[in-house]
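# Per-entry structural report
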Amino acid sequence: MEVEGMLAPLSLSAKFEGSFAYLTVRDRLPTILTKVIDTIHRNKDNFFKDYGEEGVQAEKRAISFLSKMRNEMQTDKPVLILTDNAEDTETWNKYMQRQQDMMEDGEPVSWFKSPWLYMECYMYRRIREALYLSPPMDTFDVFKEGKTESFFESQRAIISVCTYLQELITNMENMSEVQLQEHFFKLLQVSLWGNKCDLSISAGQDNSQKSNPIDSLPDLQRFILVNDSIKVWSSLIAGKGCGSSGMKRGRVDIVLDNAGFELITDLVLADFLVSAGLAKQIRFHGKSFPWFVSDVTKQDFEWTIMQTMASNHKWMSASGAQWKHFMKDGTWSYHDHAFWTSPHEFCDMPADAADLYAMLQDSDLILFKGDLNYRKLTGDRMWEHTVRFNRALRGFQAAPLCSIRTLKANVQVGLKSGHAEQLGREDADWMTNGKYAVIQFSSPSKEH
Ligand SMILES: O=P(O)(O)OC[C@H]1O[C@](O)(CO)[C@@H](O)[C@@H]1O
Ligand SMILES: [Mn+2]
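In what follows, the accompanying structure is described. Worth saying up front: this structure is predicted, and the values here are computed from it rather than measured.

## Some points on the packing of helix α4 (residues 89-102) against helix α5 (residues 116-132)
Put simply, α4 and α5 touch, their axes get as near as 12 Å, and they point 150° apart. Looking at the two axes, α4 sits roughly antiparallel to α5. The handedness of the crossing between α4 and α5 is left-handed. Within the contact between the two elements, α4 uses T89, W92, Y95, M96 and Q99 and α5 uses Y118, C121, Y122 and R125. Residue composition of the contact of α4 with α5, grouped by class: 6 nonpolar, 2 polar and 1 charged.

## Things to note about unusual backbone geometry
For the bond from P135 to P136, the omega torsion is 5°, close enough to zero to count as cis. With respect to the helices, strands and loops of the structure, P136 is situated in the loop between α5 and α6 (144-153). Although it is not a glycine, D76 adopts a positive phi angle of roughly 50°. Positionally, D76 belongs in the loop between α3 (53-74) and α4. Positioned with a positive phi, N85 is a non-glycine residue whose angle comes to about 50°. Summarising the element assignment, N85 is placed in the loop between α3 and α4.

## As for the packing of aromatic side chains
The full count for this structure, using the stated rule, is 32 aromatic pairs. Taken together, a centroid distance of 5.4 Å and an interplanar angle of 85° make the contact between F151 and F152 edge-to-face. On the basis of relative accessibility, which here comes to 1%, the residue F151 falls in the buried class. On the basis of an interplanar angle of 50° and a centroid distance of 5.1 Å, the ring pair of F284 and F301 is categorised as tilted. Placement of the pair is F284 in strand β3 (residues 281-286) and F301 in helix α12 (residues 298-309), with a sequence separation of 17 residues. Judged by its relative accessible area of 1%, F301 is buried. These aromatic residues form a ring-pair network of at least three members: F284, F301, W323, F326, W332 and Y334. Taking NZ or CZ as reference, K144 lies 4.5 Å from the ring centre of W303, over its face. Over the face of the ring belonging to W116 we find R375, whose NZ or CZ atom lies 3.5 Å from the ring centre.

## Here's the deal with the pairing of strand β5 (residues 365-369)
Burial analysis of β5 places 5 of its 5 residues in the buried class, the great majority of the element. Alternating positions in β5 separate into two faces, L365, L367 and K369 on one and I366 and F368 on the other, with burial throughout. In this sheet, β5 lies alongside strand β2 (residues 251-255) in parallel orientation, the contact comprising 4 bridges. When the sheet's bridge partners are listed, V255 is paired in β5 with F368. Summarising the sheet, β5 and strand β6 (residues 401-406) pair through 4 bridges and their orientation is parallel.

## Digging into the environment of Q307
In this structure, Q307 sits in helix α12. Judged by relative accessible area, which is 26%, Q307 ranks as partly exposed. With 155 residues separating them along the chain, Q307 and F152 place their C-alpha atoms 9.7 Å apart. The contacts of Q307, once residues within four sequence positions are left out, are F151, F152 and M316.

Reading the values: rules and limits
- Residues numbered from 1 in each chain as written.
- Chains lettered and ligands numbered in written order.
- Predicted model: local features only at pLDDT ≥ 70, side-chain atom pairs only at ≥ 80, totals over all residues.
- Heavy atoms only, no water.
- Axes fitted to C-alpha atoms, helices over the stretch in contact; angles between N-to-C directions.
- Helix = DSSP H or I, 4+ residues; strand = E, 2+ residues; numbered from the N terminus.
- Parallel < 35°, antiparallel > 145°, perpendicular 65-115°, else oblique.
- Left-handed = near helix turned anticlockwise from the far one by under 90°.
- Contact = heavy atoms within 4.5 Å.
- Nonpolar A, V, L, I, M, F, W, Y, C, P; charged D, E, K, R; others polar.
- Phe/Tyr/Trp six-rings, centres within 6.5 Å; stacked < 30°, edge-to-face > 60°.
- Buried < 20%, exposed > 50% of the residue type's maximum accessible area, 1.4 Å probe, protein only.
- Lys NZ or Arg CZ within 6 Å of the ring centre and 35° of its normal.
- Pairing = 2+ DSSP bridges.

In structure tokens, the structure reads:
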């Protein structure tokens, strides 16, 4: 899929001392691992209650795997092949070989020498392996507690967005297209800022939403570096317009990121799209195992809808009930695919996950939530900031797509000349502190 003659720049990597990747591998990843070990240990009594002595042995075994990995990471040991014979084990091991073939002077693939994206993904896959090899703990979600807490700590913000949604739906019939567009822009921004609330960048610290998200939007506007909302709107209108002729299906895919408040903002946006007739079908894509601390799994997805329904706030529970209904009648559906928990850049998708690529090709619009998806869209490479988004996608163009992301890693393309330099002067950490954001669109037929 790579455009001929146009090589991609180098991958971000911890081998660049002092870089954000370096600091992440040196400081943040070991902290996350320590928390994982601590969580397993704190749950020892529960494992005993549920599984007896077998549970206690499993706890010890998992902790020993994880401590070993922390040590390997901190001493920059070669990366090990996976041995858990899971559905994706072979893919991961093949990918390691691919990385090995790219190493200079035959040096082994290792934590501080290989691409950051690969190594960070690999850590979460190894956590999975440690649990997988420690039955009956194989289904334990080490990040569940954090995700649940972040949901409950965002209650007030959740109530305000659900109330906003329900009021909107009540008045929708009399709304002009311009008014609908205005509300769409707002909800897209709520979903954008919802991405501030991930737990990976804060190494698991509380990062929930406390204030009313709708009221905060005007103040946050100036932090949106690229805002292609109007193009996203146009692609939705195009999908809608052709619906009756059978050309387009009015299908929107949302590639989810984090559970907690962010997921609620995505569900609210999806509800709005359906209720306003802008989409007929929404397919949500989540992770098939716990990933990057706060990412949504099927369990989180179902739990969130149930909890929303169970709220004693009228508009929150009404929203939850509506979402359950959408799931039941097929208007909404949840999908997971091993590709989302692989280390691949998205330009690899046609070759490495052809079924998923084909599925996405019949979408009218794909919304990619969050920072990690942006890193994978752009390959997590050292692009010049002025390179076009389309170019950085390196042929990944299944359908019109939009990345909705707060900046938490130092890759950013599609900026006007001089903009990055100006930002650098104003705020040295603009690419990694989660204060700035983009709504960046790309369509297969148009150059951007
Ligand atoms: O949940 P998000 O928006 O993908 O953010 C997770 C980000 O946090 C980090 O783990 C911080 O290192 C990044 O690697 C990653 O891109
Ligand atoms: Mn995430």
